[in-house]
Amino acid sequence: MIYLNAFIFAGIVCALAQIILDKFKLTPGHITVLFVIIGAFLDVFNVYDKFVLWAGGGALVPITSFGHMLTHGAIAGYEEEGFMGLLIGTFDLTSAGICAAIIFAFYFSLIFKPRD
Amino acid sequence: MEKKRYKEIVNQHTPKENLFLNAVIAFLIGGIMGVLGQALIDFYSYYLTIPNKEATVCMIVTLIFLSCLLTSLGFFDKFVNFCKCGLIIPITGFAHATMSAALEYRKEGFVTGLGASMLKLSGAVIIFGVVSAWTFSFLRMLLGVE
């Protein structure tokens, strides 16, 4: 059942992005930034946590979950360490993704040659 | 008058993108990516007995690894051209942007090319993500939401 929910949620997010991209003639960069901000906003009132409970991996794969995890880390940091925790905790949950992307990109670019 | 005619001619010759078909393709591919993510989480937590929270991290790292590998082998650009938002919106799009910038600027040297320009395309996501996350959690702190 959770697989069906995951399919529907991730599919709707991607289709929505595609429609916005085509309608307003934006670049993919604008779309990803827009969806990160939406994801960060939805975590303010714990809305995105409900999506994650409902759709599981379907809510964690789209880039909205990146914004959600950034806000989530900042809020958790605030609850633990007070005001400075907003800065300390921001990257707690997302650092794995960012580090993995940078490290793989670095080593693969040493091995492989660009193609055109 | 000239400008108006020019616009008309441009409009006639711009290829019409099929809005509905693009949205359906994005829906299907995005849905498959979501199912793949959930399947990887289940695989890691049942068969390798990793706690659920770490399984999520493992899933994200796996997807990033696959997308970096396929990008550097040269397949991923074709997939993205076909599926568009179905692959750009999932975390694979972030890895794809980082990897293609790294491949492209590698020839300009290590520090000035690879180091300076690797995050050229994906840096916007990190910067706007951090700024909006800080602002929203600061607002939440001010509002005192539980």
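Above: the structure in question.
First, a word on what this report is: a plain description of the structure on this page. Being a predicted model, the structure only gives us computed values, none of them experimental.

Quick notes on the overall build of chain A
Along the backbone of chain A there are 7 helices and 0 strands. For chain A, the α and β elements follow one another from N to C terminus as α-α-α-α-α-α-α. Seen through its C-alpha atoms, chain A measures out along the principal axes to roughly 50 × 35 × 30 Å. Per-residue burial for chain A yields a buried fraction of 53% across its 116 residues. Across chain A, every contact between residues at least 6 apart in sequence was considered, and the portion connecting residues at least 24 apart equals 59%.

Topic: unusual backbone geometry
With a phi close to 55°, lysine 25 of chain A is a non-glycine residue in the positive phi region. Its place among the elements puts lysine 25 of chain A in the loop between helix H1 (2–24) and helix H2 (28–42). The phi dihedral of threonine 49 of chain B falls on the positive side, at around 45°, and the residue is not glycine. With respect to the element layout, threonine 49 of chain B can be found in the loop between helix H2 (19–47) and helix H3 (52–73). Using a count of 8 C-beta atoms within 10 Å as the deciding quantity, one classes threonine 49 of chain B as exposed.

Quick notes on the interface of chain B and chain A
Contact with chain B, which involves 62 residues of that partner, is made by 59 residues of chain A. Only H2, H3, helix H5 (85–88), helix H6 (91–105) and helix H8 (123–143) of chain B provide two or more residues apiece to the side of chain B that touches chain A.

A closer look at the nonpolar core
By size, the foremost hydrophobic cluster in this structure holds 75 residues, and its most contacted members are Cys14 and Ala17 of chain A together with Ala26 and Ile64 of chain B. Excluding residues within four positions of it along the chain, alanine 26 of chain B makes contact with Cys14, Ala15, Ala17 and Gln18 of chain A together with Cys83, Lys84, Cys85 and Gly86 of chain B.

What to know about H1 of chain A
The first and last C-alpha atoms of H1 of chain A sit 33 Å apart over 23 residues, in line with the 33 Å expected at 1.5 Å per residue. At the exit of H1 of chain A stands lysine 25 of chain A, carrying a positive phi of roughly 55°.

What counts as what
Residue indices begin from 1 for each chain and proceed along its sequence in written order. Written order determines the labels here, with chains lettered from A and ligands numbered from 1. Reporting of local features is limited, given that this is a predicted model, to residues whose pLDDT is at least 70; pairs of side-chain atoms are given and counted only at 80 or more, and all residues count toward the totals for whole chains, interfaces and linings. Helix and strand definitions follow DSSP, with helices as H or I runs of at least four residues and strands as E runs of at least two, each counted in order from the N terminus. Counting other C-beta atoms within 10 Å of each residue's C-beta, where C-beta atoms are placed from the backbone, gives the exposure class: buried for 20 or more, exposed for 12 or fewer, partly exposed between. Placing C-beta atoms from the backbone, we regard two residues as in contact once those atoms come within 7 Å. Take the buried Ala, Val, Leu, Ile, Met, Phe, Trp, Tyr and Cys residues, join any whose C-beta atoms are within 7 Å, and the set you get is a nonpolar core. A helix's residues, less one, multiplied by 1.5 Å, set its expected span.

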